[in-house]
Amino acid sequence: TSSSLIPFLQDKKLTFTMATKFDDLAKAPKDLLNDDYTTKTSLKCKKDAGPVAVTIETERGEGGALSSKIGTKFSYAKFNVDKAQATANGGRVLETSLKVAPNVKLSFKANKGADLLVDYTSGNFYATGILDVAEMSKFSTSACIGLPSGIKAGGNAT
């Protein structure tokens with residue numbers, strides 16, 4: 001039996017930490033160190049308009065010029081439009097996601113390029129894959145696992 005193979009685990013209850021995306025491990029300190037809290041001036045307004053959320057963002061650039069973006073998000077069944085945005089310079093952003101299975105989510109993100117993403121979670125394990133579908137030039141993947149000690153271990157490859 002397993003308890004005779006590992007006697008110190010006998011009568012021990014193992015608990016695992018929640019699954020975390022590898023890129024999110026250092027997100028909070030990276031944002032804290034990289035965000036501009038001194039010179040950047042911006043205004044963000046979010047409003048629900050029925051089942052659709054509308055966001056308007058305005059930033060003051062160098063010389064005092066204002067630049068605005070308007071966006072929306074909504075969902076229908078298992079399909080989500082996480083961001084549909086138009087910028088002042090004519091740029092467009094589209095981010096969508098679809099839950100294809102209980103543990104699998106497919107996403108599409110288009111801005112300057114176009115990426116197809118897949119996220120897989122199972123218990124304390126989280127894996128991702130990203131394919132550049134515009135130029136078919138880049139594929140990257142990552143995996144992260146939460147250990148019973150609370151340590152999260154992972155890695156990525158491009």
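Residues numbered from 1 in each chain as written. Predicted model: local features only at pLDDT ≥ 70, side-chain atom pairs only at ≥ 80, totals over all residues. Heavy atoms only, no water.

Let's shift gears to the side chain of threonine 55. Its location among the elements puts threonine 55 in strand E2 (residues 52–60). Residue threonine 55 is classed as buried on the basis of its relative accessible area of 17%. Those residues in contact with threonine 55 that lie beyond four places of it in its chain are Lys44, Cys45, Lys46, Lys69, Ile70 and Gly71. (Helix = DSSP H or I, 4+ residues; strand = E, 2+ residues; numbered from the N terminus. Buried < 20%, exposed > 50% of the residue type's maximum accessible area, 1.4 Å probe, protein only. Contact = heavy atoms within 4.5 Å.)

The pairing of strands in a sheet comes from backbone hydrogen bonds and takes either a parallel or an antiparallel form. Spatially, E1-E2-E3-E4-E5-E6-E7-E8-E9-E10 is the arrangement adopted by the 10 strands of the open sheet, whose pairing is antiparallel. Every other strand in the sheet has two partners, leaving strand E1 (41–49) and strand E10 (152–157) as the edge strands with one partner each. Between one strand axis and the next, the sheet turns by 15° as a mean value, whatever way the strands run. (Pairing = 2+ DSSP bridges. Axes fitted to C-alpha atoms, helices over the stretch in contact; angles between N-to-C directions.)

Overall, the predicted model of the chain reaches an average pLDDT of 84, with 87% of residues at or above 70. Put simply, helix H1 (residues 2–5) is where the chain has its lowest mean pLDDT, 44, and strand E6 (residues 104–110) is where it has its highest, 96. (pLDDT = per-residue confidence, 0-100.)

Turning to unusual backbone geometry, a few remarks are in order. Phi at alanine 77 takes a positive value of approximately 55°, unusual for a residue other than glycine. Within the fold, alanine 77 resides in the loop between strand E3 (66–76) and strand E4 (79–87). Phi at methionine 136 is positive, roughly 50°, even though this residue is not glycine. Position of methionine 136 relative to the elements: it lies in the loop between strand E8 (125–132) and strand E9 (139–146).

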